[in-house]
Amino acid sequence: MRVLVAEDERALADLVAEGLRRHAMTVDVVYDGAAALQCAGLNEYDVLILDRDLPEVHGDDVCRALAGNGAHVRILMLTASGAVSDRVVGLDLGADDYLPKPFEYAELLARVRALARRSRPSLPPVLRRSGIVVDVPHRQAFRDGRYLPLSRKEFSVLEVLMRARGSTVSAEELLERAWDENTDPFTTVVKVTIRKLRVKLGDPPAIVTVPGGGYRL
């Protein structure tokens, strides 16, 4: 799951991002509306957590622009006002959900997950293939009943491969889905992570390298 956090309160934005990363989400952070539009135009996100009162470009205008362009991303709008009229305006602009500040982190996390489920074809929360079981909500993975002690990135890569249901996933797509936008596109992190993941999955080999294409389960 890839999330963009657009919030001008830097401490809050960074805190939210770190919490989401602990749940195996890939998170980019921006602090104004212009940067939010730029990132949303360059990358494909499942969810945008959008503060309404952003500098540079107001959150309302960001929401209106993305909704008008038919963007794939689901928008969770944040605001300091909990008035019904403000919620109505936000939803009419194209937001998918609305959360007033201050909020409980557990509720934010649940709303992000719910929006992400709506942003892509429905798949069960527990993914199964070739003896591999990935329990997405609990961030646990098993092979033939054996627990796999995976790092965050290893878990994210395995989840992407599992969701592909046997289709080939390119290294570029894995880099986009499991790492943030600051990652060097020429890095070897995908190859290194795949190698570590293969070791933890054990025999028989589960991840196939497709020459010139990428990887598949």
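Residues numbered from 1 in each chain as written. Predicted model: local features only at pLDDT ≥ 70, side-chain atom pairs only at ≥ 80, totals over all residues. Heavy atoms only, no water.

Quick word on the packing of helix H6 (residues 152-163) against helix H8 (residues 189-201)
Here's step 1: Packing of H6 against H8 brings their axes to within 10 Å, and their N-to-C directions diverge by 85°. Classified by the interaxial angle, the pair formed by H6 and H8 is roughly perpendicular. Taken together, the residues of H8 that come into contact with H6 (itself represented by Lys153, Glu154, Val157, Leu158 and Leu161) are Thr193, Ile194, Lys196, Leu197 and Lys200. (Axes fitted to C-alpha atoms, helices over the stretch in contact; angles between N-to-C directions. Helix = DSSP H or I, 4+ residues; strand = E, 2+ residues; numbered from the N terminus. Parallel < 35°, antiparallel > 145°, perpendicular 65-115°, else oblique. Contact = heavy atoms within 4.5 Å.)

Thoughts on the nonpolar core
Here's step 1: In terms of nonpolar packing, the biggest core is built from 28 residues, with Val134, Leu158, Leu161 and Leu174 touching the most fellow members.
Here's step 2: For this core, the secondary structure elements donating two or more residues are strand E7 (132-135), H6, helix H7 (171-178) and H8.
Here's step 3: When residues of this core are assigned to their parent elements, the largest contribution, six residues, is made by H6.
Here's step 4: Beyond its immediate sequence surroundings of up to four residues, leucine 174 is in contact with Val157, Val160, Leu161, Val169, Trp179, Val190, Ile194 and Tyr215.
Here's step 5: Judged by nonpolar contacts, the second largest core, of 21 residues, contains Val16, Phe103, Leu108 and Val112. (Core = buried A, V, L, I, M, F, W, Y, C linked by side-chain atoms within 4.5 Å. Buried < 20%, exposed > 50% of the residue type's maximum accessible area, 1.4 Å probe, protein only.)

Observations concerning helix H2 (residues 33-42)
Think of an α-helix as 3.6 residues a turn; residues three or four steps apart then line up on the same face.
Here's step 1: All of the buried residues in H2 are Gly33, Ala35, Ala36 and Cys39. For H2, the buried positions fall inside an angular range of 155° around the axis, keeping them on one side. Relative to its buried face, H2 has exposed residues pointing more than 90 degrees away, namely Gln38, Gly41 and Leu42.
Here's step 2: Lining the buried residues of H2 we find strand E1 (2-6), strand E2 (26-30) and helix H3 (59-68).
Here's step 3: Of the residues flanking the start of H2, the one acting as N-cap is aspartate 32, its side-chain oxygen 3.0 Å from the backbone nitrogen of alanine 34. (Arc of directions from axis to C-beta. Polar contact = N/O pair within 3.5 Å; in protein donor to acceptor, adjacent residues only side chain to side chain.)

Considerations on the pairing of strand E6 (residues 126-129)
Here's step 1: Where E6 meets E7, four bridges bridge the pair, whose relative direction is antiparallel. Pairing of arginine 129 across the sheet is with isoleucine 132, part of E7.
Here's step 2: As consecutive antiparallel partners, E6 and E7 are separated by two residues, and within that stretch serine 130 has a phi angle of approximately 55°, a positive value. (Pairing = 2+ DSSP bridges.)

Overview of unusual backbone geometry
Here's step 1: In this chain, lysine 101 is followed by proline 102 through a cis amide linkage whose omega measures -10°.
Here's step 2: One can find proline 102 in the loop between strand E5 (97-100) and helix H5 (105-119).
Here's step 3: Between aspartate 203 and the following residue, proline 204, the backbone shows a cis peptide bond with an omega angle of -5°.
Here's step 4: In the Ramachandran plot, arginine 165 falls in the positive-phi region, its phi being about 55° despite a non-glycine side chain.

Notes on the sheet that holds strand E9 (residues 146-147)
By definition, the strands of a sheet pair up through backbone hydrogen bonds, in either a parallel or an antiparallel sense.
Here's step 1: The four strands lie next to each other as E6-E7-E8-E9, forming an open sheet whose pairing is antiparallel. For this open sheet the edge positions go to E6 and E9, each flanked by a neighbour on one side alone.
Here's step 2: Across the face of the sheet, H6 comes into contact with E6, E7 and strand E8 (140-143) while running at roughly 110° to E7.

What about the pattern of salt bridges?
Here's step 1: According to the stated counting rule, one finds 12 salt bridges in the structure shown.
Here's step 2: Between arginine 52 and aspartate 60 there is a salt bridge, with its nearest N and O atoms 2.7 Å apart.
Here's step 3: A relative accessible area of 10% means that arginine 52 is categorised as buried.
Here's step 4: Here aspartate 60 falls in the buried class, since its relative accessible area comes to 12%.
Here's step 5: For glutamate 159, the salt bridge is made with arginine 163, and the minimal N-O distance between the two is 2.9 Å. (Salt bridge = Lys/Arg side-chain N within 4 Å of Asp/Glu carboxyl O.)

What to know about the pairing of E2
Here's step 1: Of all five residues making up E2, five are buried, and the element is well covered by its neighbours.
Here's step 2: Burial of the side chains of E2 extends over both faces: Thr26, Asp28 and Val30 are buried on one face and Val27 and Val29 on the other.
Here's step 3: Two elements, E1 and E2, share five bridges in a ladder whose sense is parallel. When the sheet's bridge partners are listed, valine 5 is paired in E2 with valine 29.
Here's step 4: Note that the unit made of E1, helix H1 (residues 10-21) and E2 has a crossover that is right-handed. (Right-handed = clockwise from strand over helix to strand, strands pointing away.)

Regarding the packing of aromatic side chains
Aromatic rings considered in pairs are described by the distance between their centres and by the relative angle of their planes.
Here's step 1: Scanning the entire structure with this criterion turns up one aromatic pair.
Here's step 2: For the ring pair phenylalanine 142 and tyrosine 147, a centre distance of 5.7 Å and an interplane angle of 65° mean the geometry is edge-to-face.
Here's step 3: Phenylalanine 142 sits in the partly exposed class, given a relative accessible area of 25%.
Here's step 4: Sitting above the plane of the tyrosine 31 ring, arginine 10 keeps its charged end 3.9 Å from the centroid. (Phe/Tyr/Trp six-rings, centres within 6.5 Å; stacked < 30°, edge-to-face > 60°. Lys NZ or Arg CZ within 6 Å of the ring centre and 35° of its normal.)

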